[in-house]
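Working through the structure, step by step
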Amino acid sequence: MGTFVPANVILLSCGSFNPPTNMHLRMFEIARDHLNRMGQQTVQGGVISPVHDAYGKNELLSSTHRLEMLKLALENHDWVRLSDWECGQESWTKTRQVLQYHQNNVNAVVNQNFNGNYDINENELKWIPENVKNGGTGPVTVKLLCGADLLESFGTPGLWAEEDIEEIVGMHGLVVISRSNSNPAEFIYNSDILTKYMSNITIVTEWITNEISSTRVRRALRRNESVKYILPDRVLDYIYKNSLYGSQKTTKYMHIANSMFLTPSPSDALMDSPSPRNCMNICNNNIFTRQQIDKSFDIEKFSKTNLKHPGQAVKIITDSSGTHKTVCDSRLDKEVCKNDEGKSDDTNKSLKTCKSITNCNEIDSTDNSKRGDVNSGLKECKSFDENLIKFIFTKHGIQVISNVETIV
C-alpha cells in the first residue's frame, strides 16, 4: 500500500477588508492549525484578495487605501500574501472567477515546474508561496476561506447563482470559521447544493471567540473611540495619518469641562484640612465673591473666637454688602432678625420684605416672649435661608453645606 500524502491547499480570503482587522489575519491561523492537525490537508500559504471599488458596498474605501493598509498588515507576516489582481480589473469580479484566476495561475506554476519550463511573471504572481514556485509541493488546490456569515449568505435569494455556488464548493472547496450564534452544519444540511458537496466543506470552530467586524470598527473610528489591539498598529497609524473613516488622533470624549468639580471620597486618603477661604471660593453661588471674602471675612479671627471643637456646626449669615456674621452655639435654630437698635421685630412684614437680613445675631435664651411671632416670620423669609452656609470641621477636612451644594 502506498503512503498517504495530504493534499496541498492555499487558503484564499475575499472581501472588502475595510479596514483589515486582526481577526482577518486570525482566521488564517485558525484554519491552518485545524487543517494541519487533521492530517488530510497541508496549508502551503494564504492569499488575501480585496474586492474592487465597483462592488458598491456602503462606506467602501478606495482600493488605494485598502491595498496600502493590507500591505502594512502583512508586512511581517510569514505565509499570508496580498493579491491585487481583483482590484486591478475594470469592474467587480465574482468570487467564482477570483478563485478560478488564482487556481489557474497556481496550476500553471506547478505544471511549469513539473515540465522543467519555469517562466513566471514575478510582479503579477507575488502572492504565490515560494515553496510552490520552487516546485516542492506538487498539485495545490485553492480553497475559499470564509466566515459562517458568508456561508449563510448562500441561502439569500438572488444573491448567489446556483452554478457559482456549485463551482465554488465542488471544484475548490470551503474552509468555514464558525462564529457564536451560528450553526454551519445545520445550514449545510438544509441546503441541497451544500449537502451534495459537504465532503469538500471544512468547518473550523473558533473556541477563542472574537466578534470583531469592520462595520463596528468603522463606527468606533468615526466616533473617535479607541480601536487599539483590534487593528494592526501600522494600519491604525495609517488610518489616523490619512483621517480615514472620519477618525481623529485625539479622543474627543475624554475632555472634561473646566467647570466640573469632582469630590473625592474621604476614605480614599487622609488629607490636610483645606482653607475655608478656598472652600468658599468653590461655593461661589452668588453668596460669596472673592472680593467680598477678602474684604469682610477674617478667617484667623473667625477660627480663634468661634471654633471650639471638631464637628461643630457654624452658621454664617451674609448680607448684600458682603458682611458676614456667625452663630456658633447650640441655639442655631433659634436665630431671629433684630432691628438696628437690637430689639426684636415681631412683625412678619419686615421678615417677608428683607432681602439680605443685614442685622442677624443669636437671640438671648431668656427672651422667650417674642420668639413665637419671629419664628413664624423666619419660615417665610426666603432670603434668610439663601444666605446661609454651614462649615463642619472633621478630621478629613471641612464640609461646607449650603442650600445649593455640599462639598467635602
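Before going into details, it helps to say that this report is about the structure given with it.

The rules behind the values
- Residues numbered from 1 in each chain as written.
- Predicted model: local features only at pLDDT ≥ 70, side-chain atom pairs only at ≥ 80, totals over all residues.
- Heavy atoms only, no water.
- Buried < 20%, exposed > 50% of the residue type's maximum accessible area, 1.4 Å probe, protein only.
- Helix = DSSP H or I, 4+ residues; strand = E, 2+ residues; numbered from the N terminus.
- Pairing = 2+ DSSP bridges.
- Right-handed = clockwise from strand over helix to strand, strands pointing away.
- Axes fitted to C-alpha atoms, helices over the stretch in contact; angles between N-to-C directions.
- Parallel < 35°, antiparallel > 145°, perpendicular 65-115°, else oblique.
- Left-handed = near helix turned anticlockwise from the far one by under 90°.
- Contact = heavy atoms within 4.5 Å.
- Nonpolar A, V, L, I, M, F, W, Y, C, P; charged D, E, K, R; others polar.

1. Some points on the pairing of strand 2 (residues 41–50)
For strand 2, the buried fraction is high: nine of the ten residues fall into the buried class. With nine bridges joining them, strand 1 (residues 7–15) and strand 2 adopt parallel strand pairing. Bridging across to strand 2, G15 finds its partner in P50. In terms of handedness, the path from strand 1 via helix 1 (residues 22–38) over to strand 2 forms a crossover that is right-handed. For strand 2 and strand 3 (residues 80–82), the ladder comprises three bridges, and the chain directions are parallel. Pairing of G46 across the sheet is with V80, part of strand 3.

2. Brief notes about unusual backbone geometry
Between N18 and P19 the backbone carries a cis peptide bond, its omega angle lying at 5°. Its place among the elements puts P19 in the loop between strand 1 and helix 1. One non-glycine residue with positive phi stands out, namely N224, at about 60°. With a relative accessible area of 4%, N224 lands in the buried category. One non-glycine residue with positive phi stands out, namely Y229, at about 75°. Looking at where Y229 falls in the secondary structure, it is placed in the loop between helix 9 (214–222) and helix 10 (233–241). Judged by its relative accessible area of 66%, Y229 is exposed.

3. A look at the packing of helix 2 (residues 63–73) against helix 10
Contact geometry for helix 2 and helix 10: axes closest at 8 Å, N-to-C directions at 150°. Classified by the angle between their axes, helix 2 and helix 10 sit roughly antiparallel to one another. The hand of the helix 2/helix 10 crossing is right-handed. Across from H65, E68, M69, L72 and A73 in helix 2, the residues of helix 10 making contact are R234, V235, Y238 and I239. A breakdown of the residues in the contact of helix 2 with helix 10 according to their chemical character gives six nonpolar, one polar and two charged.

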